[in-house]
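Here is how the chains run, residue by residue.
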Amino acid sequence: MSMDDPEATEPSLEGGYDPDAVETRWQQRWVDEETYAYDGDPGQDPNTTYAIDTPPPTVSGSLHMGHLYGSTLQDFAARFQRMADGDVLFPFGYDDNGIASERLTETELDIRHQDYERREFQERCREVCAEYEAEFTDKMQALGTSIDWSHTYKTIEPRVQRISQLSFLDLYEKGREYRKKAPAIWCPECETAISQVETEDDERHAHFNDIAFEIASDGTDREEFVISTTRPELIPACVSVFVHPDDEENADLIGETARVPIFDHEVPIIEDERVDMEKGSGVVMCCTFGDQNDIEWYQAHDLPLRVAIDETATMTDLAGDYEGLSTEDAREAIVEDLDDDGFLRDRREIVHDVGVHERCDTSVEYRVSKQWYVEILDHKDEYLAAGQEMDWYPEKMFTRYRHWIEGLEWDWLISRQRDSGIPFPVWYCEDCDNAVMAEKDDLPVDPLSDEPPVDSCPECGHDAFEPEEDVFDTWATSSLTPLINAGWDWDADAEAFTMDNPELYPFDLRPQGHDIISFWLFHTIVKCYEHTGEVPFDATMINGHVLDENREKMSKSRGNVVEPDAVLSEYPVDAVRFWAASAAVGDDFPYQEKDLTAGEKLLRKLWNASKLVDTLAPREPDEPETLEAIDRWLLAELDDAVEDLTTHLEDYEFAKARDRLRTFFWNTFCDDYLEIAKTREDEPSTQYALRTAHRTFLELWAPFLPHVTEEIWQAVYAADAADLESIHTREWPTPKGYEADLEAGETAMEVISALRRYKSENQLPLNADLESVSVYGPIEGFEDAIQHVMHVQELSILDDEPEVTTEVASIDLDYSTLGPKFGSKVGEIDAGIDSGEYEIDDDAGVLRVAGEELEDDLFEVAVERSYSGEGEMIETESAVVILQDD
Ligand SMILES: [Zn+2]
Ligand SMILES: [Zn+2]
């Protein structure tokens, strides 16, 4: 900081806490000083380094609450581990290749990728992404997370392209990949094949149409049968009709031939057990392709391929008069014509689930095309076992992983017919279609502009090649993040894969949202397991989603989206972090202003308590020979809190840690102990306890409230402000082994608070003498403390509980049940209670009044305890105090 910069202020406890100035100043300084830089050494054991494989956000817009929440949780873990364990890698990446960034570029520049050469379009993508990334980085830094900004990557950068292509070659050599011409899931909007994980069910309105098919052969007396379909536009693609072998009603159709209405081509009627007899008439048509069943039938029965819908969901020439229409228009036109020609028997509206592309919500189609797949269906058991090997926080999220694997029906389709993305390092022989792979040394390559590594085809000797034009699925690259972060590469001399930082792998933690377990986590396990034979993570922390204040999902259409910018302009980052720690990891939880307000109050409390401690004790007091009971008790309680917090944070139980610390800091330290300390500020024992506790509180709060703790630490304890020794690189506190009877200390605190309250209610000064106080309760060892703090002249401990009489103060009746049950008798019951003519039978749990017996759910008794001896009685949770004062 320069002396002549008027804005630059040194950390200080002067005045009130000013989060706006303090937070910005520290965010900048941490980045400038590389406070969170990972300086591990490659020779280390993976167990000595704590490495986090953070989710690279997709570059498709701005920071949302999910980013804020997720990265804050990761930061809690990173900050705790950095203090507790030393070396932490907390990296950051951008996922800027693939459909998302391509669509962003198209919208942003109002262009279509089809109108550009691949190189040129990719250039546009990179320009658009770079702008978004710069803005995003600023926003991430404004969250004060302890990311190591020197460890960043972009999935489109050459180093990552090389890793991604190496991964492709390695899996190919291991026999885990194949290229096949087969039906694949297709998005007609994005005009590419997509994988199973990219589809989701969406509820749509549709019509069920009952359509008559004539029987063209003469093996049955019937002239027609009816099939029900929501997609009559597929009729031109009909290749057969199916009947279940157990379907007695339609058994006569099997082996016959049907004539397809309007289009008049004839198709066979075949039996197959996959037919759902309960649906419609039990007779179904098979078209190429309407759904997964069609594909299975097509393959199982070797049916012909009739393509009526093209890659943009437009009807082909096979659809005759309907050629050129969209599927929706063709559907309506065909239904109309079916009706005119007398084939339409019924039409009714339904709501059903339709498979859509999760990125664009377009209904998917199935198209035969040549695509690259990673074989995964044969290793389902291995991937399940790999998932089981990891620790899951929370444990219940493993079920989602298991369900995804159990429901897998497709190998992983990794080729995309798009422009922005990492190219396949492959050429094909023009003559025999033999695939020629790039040399590992040459990667990254783009076959559209680079030459294949051979002059002639190794299979047939032909010398012309076709480049593969497709690019990788974006998940094919983002699933390599642990290897990207660890610097995975191919060493040509050693002919082996190496890592620049082997000490990072396997990673300690994979944090991510529950919505991408099937996308990111699953595919990362597949890739890393196949490449390294190891499970890439020791543990995974799955965070929930942020909901609105009414626990509704945030969505643009509902208009209930809370923007991080708006929140951060109103509240300190530390207060937002306090809220982020309020829910158990994995649970969806609401955005609540009251938690932010509570966070703000806590910051003020921490600030003001620090100022008070500064007035009560020297900053570096000597350790006294003996600690007095009350001070030793505080430090023993502190040991206990340190132990609990360490366990909670090791288990990613941030909410438990936060609440434990807040209660101890606010109630025990601020409300009780600090009040006591005010009366004992000259005691070396108290001065020492105050400072020890204060330093430890700052350290314990540091992972949650990094800005305010740094400011106070630097203002009070830092040796030299110019040479930053951040609180965030200090050692995490450990219990010091103070021993005290915690229960007795807590009871003594209750007694002191009760006496303080007594004084204030009776308008006595805090240092007023109290003549005689007797206590029934465990306070052994703290008698002197109570006497000293509350100026009690005579303190005695009672062996027996003071005699207390218990009287019924009131009886509340539940009239909503009483009325209907006792009707006009209610008046008498009331009168009986008012006049005291009733009996409460505790054993039976009933109230007898006015000749009736009321069950215990009909009444509630409030009792009053009163003391009839000398003096005044005050009851606390674990003690009874009798005050005698003249
Ligand atoms: Zn799409
Ligand atoms: Zn060839």
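Residues numbered from 1 in each chain as written. Chains lettered and ligands numbered in written order. Predicted model: local features only at pLDDT ≥ 70, side-chain atom pairs only at ≥ 80, totals over all residues. Heavy atoms only, no water.

Caption draft 1: Spatial organisation of the pairing of strand β11 (residues 266-271). The pairing of strand β9 (residues 238-243) with β11 spans three bridges and is parallel. Bridge pairing in β11 places Phe 242 opposite Ile 270. Pairing geometry for strand β10 (residues 257-259) and β11, over three bridges, is antiparallel. Of the residues in β11, the one forming a bridge with Arg 259 is Glu 266. Taken together, β10 and the strand that follows it, β11, pair antiparallel across an intervening segment of six residues, in which Ile 262 is found at a positive phi of about 65°. (Pairing = 2+ DSSP bridges. Helix = DSSP H or I, 4+ residues; strand = E, 2+ residues; numbered from the N terminus.)

Caption draft 2: Summary view of the sheet that holds strand β33 (residues 852-854). Across the sheet, which stays open at both edges, the three strands sit in the order β31-β32-β33 with antiparallel pairing between neighbours. Looking along the sheet, the strands with just one partner apiece sit at the ends: β31 (838-841) and β33. In this sheet, neighbouring strand axes are inclined to one another by 20° on average, regardless of whether the strands run parallel or antiparallel. For strand β32 (residues 846-849) and β33, the ladder comprises three bridges, and the chain directions are antiparallel. Bridging across to β33, Val 849 finds its partner in Glu 852. Contacts from helix α23 (residues 826-834) reach β31, β32 and β33, with the element oriented near 95° to β32. (Axes fitted to C-alpha atoms, helices over the stretch in contact; angles between N-to-C directions. Contact = heavy atoms within 4.5 Å.)

Caption draft 3: Representation of the packing of helix α20 (residues 742-761) against helix α21 (residues 783-790) in the model. Their axes nearest at 10 Å, the elements α20 and α21 cross at an angle of 20°. Of the possible angle classes, the one that applies to α20 and α21 is roughly parallel. α20 and α21 meet at a crossing whose hand is right-handed. Here Ala 748, Val 751, Ile 752, Leu 755, Arg 756 and Lys 759 of α20 lie close against α21, whose contacting residues are Ile 786, Val 789 and Met 790. By residue class, the composition of the contact of α20 with α21 is seven nonpolar, no polar and two charged. (Parallel < 35°, antiparallel > 145°, perpendicular 65-115°, else oblique. Left-handed = near helix turned anticlockwise from the far one by under 90°. Nonpolar A, V, L, I, M, F, W, Y, C, P; charged D, E, K, R; others polar.)

Caption draft 4: View of the coordination of the zinc ion (ligand 2). Distances from the zinc ion (ligand 2) to its protein donors, Cys 429 (SG), Cys 432 (SG), Cys 457 (SG) and Cys 460 (SG), fall within 2.2 to 2.3 Å. Here the zinc ion (ligand 2) binds four donor atoms, and the angle range of 102 to 118° at the metal identifies the geometry as tetrahedral. Motif for the zinc ion (ligand 2), donor spacing along one chain: C-x2-C-x24-C-x2-C. Cys 432 sits in the partly exposed class, given a relative accessible area of 34%. (Donors = N, O, S within 2.8 Å, 3.2 Å for Na, K, Ca; no water. Tetrahedral: all angles 85-135°; square planar, octahedral: opposite > 155°, others 65-115°. Buried < 20%, exposed > 50% of the residue type's maximum accessible area, 1.4 Å probe, protein only.)

Caption draft 5: Spatial organisation of a negative patch on the surface. A surface patch of like charges, here negative, comprises Glu 439, Asp 441, Asp 442, Asp 450, Glu 451, Asp 493 and Glu 495. Mapping Asp 450 onto the fold places it in the loop between β19 (435-437) and β20 (465-467). (Patch = residues over 30% accessible without salt bridge, like charges linked within 9 Å, V, L, I, M, F, W, Y side chains within 5 Å. Areas by Shrake-Rupley, 256 points an atom, 1.4 Å probe, with all protein chains shown as cover. Salt bridge = Lys/Arg side-chain N within 4 Å of Asp/Glu carboxyl O. Lys, Arg positive; Asp, Glu negative; His and termini not counted. Charge placed at Lys NZ, Arg CZ, Asp CG, Glu CD.)

Caption draft 6: Here's a closer look at the UniProt feature "binding site: ATP" (unreviewed entry) in the chain. With numbering matched to this structure, UniProt assigns "binding site: ATP" (unreviewed entry) to Lys 556. By the element assignment, Lys 556 lies in the loop between β26 (546-547) and α13 (564-570). The class of Lys 556 is exposed, set by a relative accessible area of 80%. (UniProt positions renumbered as here; feature names shortened; annotations may be inferred.)

Caption draft 7: Summary view of the environment of Val 239. Position of Val 239 among the secondary structure elements: in strand β9. Judged by its relative accessible area of 3%, Val 239 falls in the buried class. Once the C-alpha coordinates of Val 239 and Thr 137 are considered, the two residues, 102 residues apart in sequence, prove to be 54 Å apart.

Caption draft 8: Layout of the pairing of β9. Of all six residues that make up β9, six are buried, and the element is covered over most of its length. Where β9 meets strand β12 (residues 283-287), five bridges bridge the pair, whose relative direction is antiparallel. Residue pairing across strands places Val 241 opposite Met 285, the latter belonging to β12.

Caption draft 9: Examining the domain arrangement of the chain more closely. Its domain assignment divides the chain into domain 1 (37-153 + 166-173 + 375-411 + 477-543), domain 2 (193-366), domain 3 (591-740) and domain 4 (804-868). Taken over C-alpha atoms, the centre of domain 2 sits 71 Å from the centre of domain 3. (Domains from an automatic or database assignment.)

Caption draft 10: Highlighting the coordination of the zinc ion (ligand 1). Of the protein atoms, only Cys 187 (SG), Cys 190 (SG), His 357 (ND1) and Cys 360 (SG) coordinate the zinc ion (ligand 1), at distances of 2.0 to 2.3 Å. The sequence pattern formed by the donor residues of the zinc ion (ligand 1) is C-x2-C-x166-H-x2-C. In this structure, His 357 and Cys 360 share a single accessibility class: buried.

Caption draft 11: Representation of the side chain of Gln 292 in the model. Inspection of the secondary structure assignment puts Gln 292 in helix α6 (residues 292-300). Side-chain polar atoms of Gln 292 contact the side chain of Trp 410, separated by 3.2 Å. With residues near it in sequence (within four places) discarded, Gln 292 still touches Tyr 366, Glu 409 and Trp 410. (Polar contact = N/O pair within 3.5 Å; in protein donor to acceptor, adjacent residues only side chain to side chain.)

Caption draft 12: Structural detail: the pattern of salt bridges. Scanning all chains against the criterion turns up 59 salt bridges. For Arg 103, the salt bridge is made with Glu 189, and the minimal N-O distance between the two is 3.8 Å. With a gap of 86 residues between them, Arg 103 in helix α3 (residues 99-109) and Glu 189 in the loop between β5 (177-187) and β6 (192-193) connect regions that are remote in the sequence. Judged by relative accessible area, Arg 103 falls into the partly exposed class, the value being 25%.

Caption draft 13: How the structure looks around unusual backbone geometry. The amide bond that connects Thr 288 to the next residue, Phe 289, takes the cis arrangement and shows omega of -5°. Structurally, Phe 289 is set in the loop between β12 and α6. Residue Pro 444 is bonded to the preceding Leu 443 through a cis peptide linkage, with omega at 5°. By the secondary structure assignment, Pro 444 is in the loop between β19 and β20.

Caption draft 14: How the structure looks around the sheet that holds β20. Here we have three strands laid out as an open sheet, ordered β19-β18-β20, and antiparallel in their pairing. Edge strands, defined here as strands with exactly one partner in the open sheet, are β19 and β20. Neighbour-to-neighbour, the strand axes of this sheet turn through a mean angle of 35°, independent of strand direction. By the bridge criterion, three bridges tie strand β18 (residues 426-429) to β20 in an arrangement that is antiparallel.

Caption draft 15: Quick peek at a nonpolar patch on the surface. Residues Val 808, Val 861 and Val 863 make up a contiguous nonpolar surface patch of roughly 210 Å² in combined accessible area. Its place among the elements puts Val 861 in strand β34 (residues 859-867).

Caption draft 16: Structural context of the nonpolar core. The biggest cluster of nonpolar side chains holds 124 residues, and the ones touching the most others in it are Trp 579, Tyr 591, Phe 654, Phe 669 and Leu 755. Broken down by element, this core gets its largest block of residues, twelve residues, from helix α17 (residues 654-678). Each of domain 1 (37-153 + 166-173 + 375-411 + 477-543) and domain 3 (591-740) gives at least three residues to this core. The contacts of Leu 755, once residues within four sequence positions are left out, are Leu 770, Val 773, Ile 786, Met 790, Val 792, Val 881 and Leu 883. Residues Tyr 383, Phe 398, Phe 465 and Trp 520 belong to the second largest nonpolar core, which totals 63 residues. (Core = buried A, V, L, I, M, F, W, Y, C linked by side-chain atoms within 4.5 Å.)

Caption draft 17: Seen up close, the packing of helix α18 (residues 684-701) against helix α19 (residues 706-716). For the pair α18 and α19, interaxial distance at closest approach is 9 Å and the crossing angle is 145°. When you trace α18 past α19, the crossing you get is left-handed. Across the interface between the two elements, Arg 691, His 694, Arg 695, Leu 698, Glu 699 and Trp 701 of α18 pack against Thr 709, Ile 712, Trp 713 and Val 716 of α19. Of the residues assigned to the contact of α18 with α19, the class counts are five nonpolar, two polar and three charged.

Caption draft 18: Structural view of the packing of aromatic side chains. Inspection of the entire model under this criterion finds 46 aromatic pairs. An angle of 80° between the planes, with centres 5.1 Å apart, marks the rings of Phe 168 and Trp 372 as edge-to-face. Separated by 204 residues along the polypeptide, Phe 168 in helix α5 (residues 158-173) and Trp 372 in strand β14 (residues 365-374) bring together distant segments of the chain. For the pair Phe 168 and Trp 372, a shared accessibility class is recorded, and that class is buried. Consider the rings of Phe 168 and Phe 472, whose centres lie 5.6 Å apart with planes at 40°: the pair is tilted. Taken together, the residues Phe 168 in helix α5 and Phe 472 in strand β21 (residues 471-472) connect sequence positions 304 residues apart. Residue classification places Phe 168 among the buried positions, given a relative accessible area of 2%. Assessed through its relative accessible area of 2%, Phe 472 is described here as buried. In textbook terms, an aromatic cluster arises when at least three aromatic residues are bridged by ring pairs, as seen for Phe 76, Tyr 393, Tyr 652, Phe 654, Phe 664, Phe 665, Phe 669, Tyr 673, Phe 697, Trp 701 and Phe 704. Above the plane of the ring of Phe 578 lies Arg 658, whose end atom (NZ or CZ) is 4.0 Å from the centre. When the ring centre of Tyr 717 is taken as reference, the NZ or CZ atom of Arg 695 above it lies at 4.3 Å. (Phe/Tyr/Trp six-rings, centres within 6.5 Å; stacked < 30°, edge-to-face > 60°. Lys NZ or Arg CZ within 6 Å of the ring centre and 35° of its normal.)

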